[in-house]
Amino acid sequence: MTQHFDLGGDLRISRMGFGAMRLPASTRGGPANDRGTGLKILRRAVELGVDHIDTAAFYYHPDGQAANELIRAALAPYPPGLVVATKVGPYRGPGDPYPSGQLPASGLRAEVERNLAELGLDRLDLVYLRPGGLETPQDEPIGERFEVLAGLREEGLIRHLGLSHVSPAQLDEARRIAPVAAVQNRFDVTQPQDAALLETCEREHIAYAPYFPLGGFGIPDDARVNAIAARHGATVPQVLLAGLLALSPVMLAIPGTGSPDHLEENVAAADLALAPEDLAALKR
């Protein structure tokens, strides 16, 4: 299994990355995590070879930590080759526990500049436009907002552009404006409903980084995955991650955690070699 992917054709990254969403709080609506633990996780992730971190300015806990601040505090000055990806589009007001709407096109520059300032960067490696919430992606036009990000790319504030939670029609619309280096939709081996868009990404060499690689807000209880885990002496999350990486050469895994032990477990999944019969079972 190829362990690396050339993002946008010019950024070689490990296919096992790290998602920062759970750094501020481990559970949706739960208490803030310990700051020291978050810093430890980020530093250990880089020690383990993680060179792709996915974040967002709206990943923060009202009473505690913010993902971007933790990333900067733990890792700046950033090691050579570390790719930091972020997303813009969702609006989260001061009193909102979660994003509650969408920024208009006129608000995207300020959100990109906010990420730059919080992360202490002059240029963002990858910026996703996320036009929707958690409902099924719709086909509303995204061209006006994507054009803003394309302009910021031309200015040199962004290196590569991505899309998160989009339909095939929205991907087509965006690609008529500027190159799309990555897609971040919901996908895991127990819920492969986005297979057609994944095929498009494979054909066009676009990275595909599922934002719920471990099933969402709870680990799925899937008999196939449970059986494979038992055969290999592995955990269910490890099988879910290894299954994703084996499914497609453009697949990137960005599991997040607030636990140092879970970080070690997740990263080790990149070395879990699933047998052909395991992969066949996952595709049934």
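Just so it is clear, the structure is predicted and the values come from calculations on it, not from any experiment. (Residues numbered from 1 in each chain as written. Predicted model: local features only at pLDDT ≥ 70, side-chain atom pairs only at ≥ 80, totals over all residues. Heavy atoms only, no water.)

S.K.: Can you walk me through the nonpolar core in this structure?
M.R.: The nonpolar side chains of soluble globular proteins are, as a tendency, buried together. Grouped together as the largest cluster of nonpolar side chains are 88 residues, with contacts concentrated most on Leu7, Phe18, Leu42, Leu149, Leu163 and Tyr208. Element by element, the count of residues in this core is highest for helix H8 (residues 236-247), at seven residues. (Core = buried A, V, L, I, M, F, W, Y, C linked by side-chain atoms within 4.5 Å. Buried < 20%, exposed > 50% of the residue type's maximum accessible area, 1.4 Å probe, protein only. Helix = DSSP H or I, 4+ residues; strand = E, 2+ residues; numbered from the N terminus.)

S.K.: When you look at helix H7 (residues 223-232) in this model, what are you seeing that I'm missing?
M.R.: Each turn of an α-helix holds 3.6 residues, which means side chains three or four residues apart point in the same direction. Along H7, the positions that sit buried rather than exposed are Val225, Ile228 and Ala229. Around the axis of H7, the buried residues are gathered within 100° of arc, so they sit on the same side. Away from its buried face by more than 90 degrees, H7 exposes Ala223, Ala230 and Arg231. Along its buried surface, H7 packs onto H8 and helix H10 (276-282). Remark: Gly233 follows H7 within two positions and exhibits a positive phi of approximately 65°. (Arc of directions from axis to C-beta. Contact = heavy atoms within 4.5 Å.)

S.K.: Is there a simple way to think about unusual backbone geometry in this case?
M.R.: Excluding glycine, residues mostly carry a negative phi; peptide bonds, for their part, are mostly trans. Cis rather than trans, the peptide bond between Ala76 and Pro77 has omega equal to -5°. Position of Pro77 relative to the elements: it lies in the loop between helix H2 (67-75) and strand E5 (83-88). Positive phi, normally seen in glycine, also occurs at His165, with a value near 60°. Overall, the relative accessible area of 6% leaves His165 in the buried class. Positive phi, close to 55°, is recorded for His205, a residue that is not glycine.

S.K.: Just checking my understanding: could you explain the sheet that holds strand E8 (residues 124-129) for this structure?
M.R.: Strand order in the open sheet made by the seven strands is E3-E4-E5-E8-E9-E10-E11, with parallel pairing throughout. Each of the sheet's edge strands pairs with one partner strand only, and the pair in question is strand E3 (18-19) and strand E11 (207-208). Taken together, the three bridges between strand E9 (residues 158-164) and strand E10 (residues 182-184) define a ladder with parallel strand orientation. Bridge assignment links Gly162 to a residue of E10, and that residue is Ala182. (Pairing = 2+ DSSP bridges.)

S.K.: Whenever I open this one, helix H1 (residues 35-47) confuses me. Can you help?
M.R.: In this model, H1 (13 residues) spans 19 Å end to end at C-alpha, consistent with the 18 Å of a helix rising 1.5 Å per residue. Looking only at H1, the buried set comprises Gly38, Leu39, Ile41, Leu42 and Ala45. One face of H1 carries all of its buried residues, which in axial projection span an arc of 160°. Residues of H1 that are exposed and point over 90 degrees away from its buried face: Lys40 and Glu47. Elements that come into contact with the buried residues of H1 comprise E3, strand E4 (52-54), H2 and helix H9 (260-268). One side-chain oxygen of the residue at the start of H1 lies 3.2 Å from the amide nitrogen of Gly36, identifying that residue as Asp34. (Expected span 1.5 Å × (residues − 1). Polar contact = N/O pair within 3.5 Å; in protein donor to acceptor, adjacent residues only side chain to side chain.)

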